[in-house]
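So you can see what is in the structure, the chains are spelled out below.
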Amino acid sequence: MQPSQQPRRLLQMPLFRLLAINLALGLGMAVVLVGGLLLLDPWGLRHLIFADHSPVVAIGLLLGSFFVTFGSTAMGTAIMALGRGDDDDGPHGGTRVHARVKVRRR
């Protein structure tokens, strides 16, 4: 097998493709959130980051932590939703049985 065919074979696997797409969605959400935090500047966060002598490190750590959080959340949600089918809209559980309960008066 040629080395150029290896990435194509990975993208043809449905589970890998599902995880890669959701990881990319998590990365996008992290970038939007960090960009929004820097744009809105809550509690002076942007000023605090850019007043440091190396703001790239602070932004990298913030972006990396959000990337791990949102990427793993998106991938985990996609995996857990795999077993859900279109016919799962009905009620779940067994049949209802009326129970007789004796109650004493005081």
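To be clear, the structure that these remarks concern was listed above.
For every chain, the first residue of the written sequence is number 1, and numbering continues from 1 onward in sequence order. A pLDDT threshold of at least 70 governs which residues receive local features in this predicted model, and a stricter bar of 80 or more applies before side-chain atom pairs are shown or counted, although totals over entire chains, interfaces and linings include all residues. Working from all heavy atoms in the structure, the side-chain values ignore hydrogens and water.

Enquirer: I keep staring at unusual backbone geometry and nothing clicks. Help me out?
Expert: Glycine aside, a negative phi is what most residues show, and trans is what most peptide bonds show. Even without glycine at this site, D41 takes up a positive phi of about 55 degrees. What counts as a helix is a DSSP run of H or I of at least four residues, what counts as a strand is a run of E of at least two, and both are numbered from the N terminus. Examined against the element boundaries, D41 turns out to sit in the loop between α2 (14-40) and α3 (45-50). For D41, a relative accessible area of 22% translates into the label partly exposed. One non-glycine residue, W43, lies in positive phi territory at about 55 degrees. Burial classes follow relative accessibility: with a 1.4 Å probe on protein chains only, a residue under 20% of its type's maximum area counts as buried, one over 50% as exposed, and anything between as partly exposed.

Enquirer: When you look at the side chain of N22 in this model, what are you seeing that I'm missing?
Expert: Mapped onto the elements of the fold, N22 is located in helix α2. Working rule for contacts: check all heavy atoms of both residues, and any pair within 4.5 Å makes them a contact. Those residues in contact with N22, other than ones at most four positions away along the chain, are A74, M75 and A78.

Enquirer: Is there a simple way to think about a nonpolar patch on the surface in this case?
Expert: A cluster of nonpolar side chains, namely L10, L11, M13 and F16, defines an oily patch on the protein surface of about 340 Å² accessible area. Within the secondary structure, L10 is located in helix α1 (residues 6-12). Note on patches: the residues involved have over 30% relative accessible area and no salt bridge, like charges join within 9 Å, and the nonpolar side chains Val, Leu, Ile, Met, Phe, Trp and Tyr join within 5 Å. Residue burial considers only the protein chains on display, and all accessible areas are found by Shrake-Rupley using a 1.4 Å probe. A side-chain nitrogen of Lys or Arg and a carboxyl oxygen of Asp or Glu constitute a salt bridge if their distance falls within 4 Å.

Enquirer: What am I meant to see in the packing of aromatic side chains here?
Expert: Geometrically, a pair of aromatic rings is defined through the distance of the ring centres and the angle of the planes. Only rings of Phe, Tyr and Trp enter the pairing, Trp through its six-membered ring, and a pair is recorded when the two centres are within 6.5 Å. The plane angle decides the type: under 30 degrees is stacked, over 60 is edge-to-face, the rest tilted. For the coordinates displayed, the defined rule picks out one aromatic pair. Look at F66 and F70: their rings are 6.0 Å apart centre to centre, the planes differ by 20 degrees, and that puts the pair in the stacked class. In this pair, F66 and F70 are both assigned in helix α4 (residues 55-80), four residues apart and thus about one turn of the helix distant.

Enquirer: What's the story with α4 in this structure? I'm lost.
Expert: For an α-helix, 3.6 residues make a turn, and residues three or four places apart therefore share a direction. Take the number of residues in a helix, subtract one, and multiply by 1.5 Å to get its expected span. With 26 residues, α4 extends 37 Å from end C-alpha to end C-alpha; this agrees with the ideal 38 Å at 1.5 Å per step. Buried residues of α4: G71, A74 and A78, and no others. Contacts from the buried residues of α4 go to α2.

Enquirer: Explanation requested: the pattern of salt bridges in the structure shown.
Expert: Side-chain pairing between opposite charges can occur once the charged atoms of the two side chains come close. Within the structure shown, the criterion is met by one salt bridge. For R46, the salt bridge is made with D41, and the minimal N-O distance between the two is 3.8 Å. The class of R46 is partly exposed, set by a relative accessible area of 33%.

The values are spatial; any link to function lies outside them.
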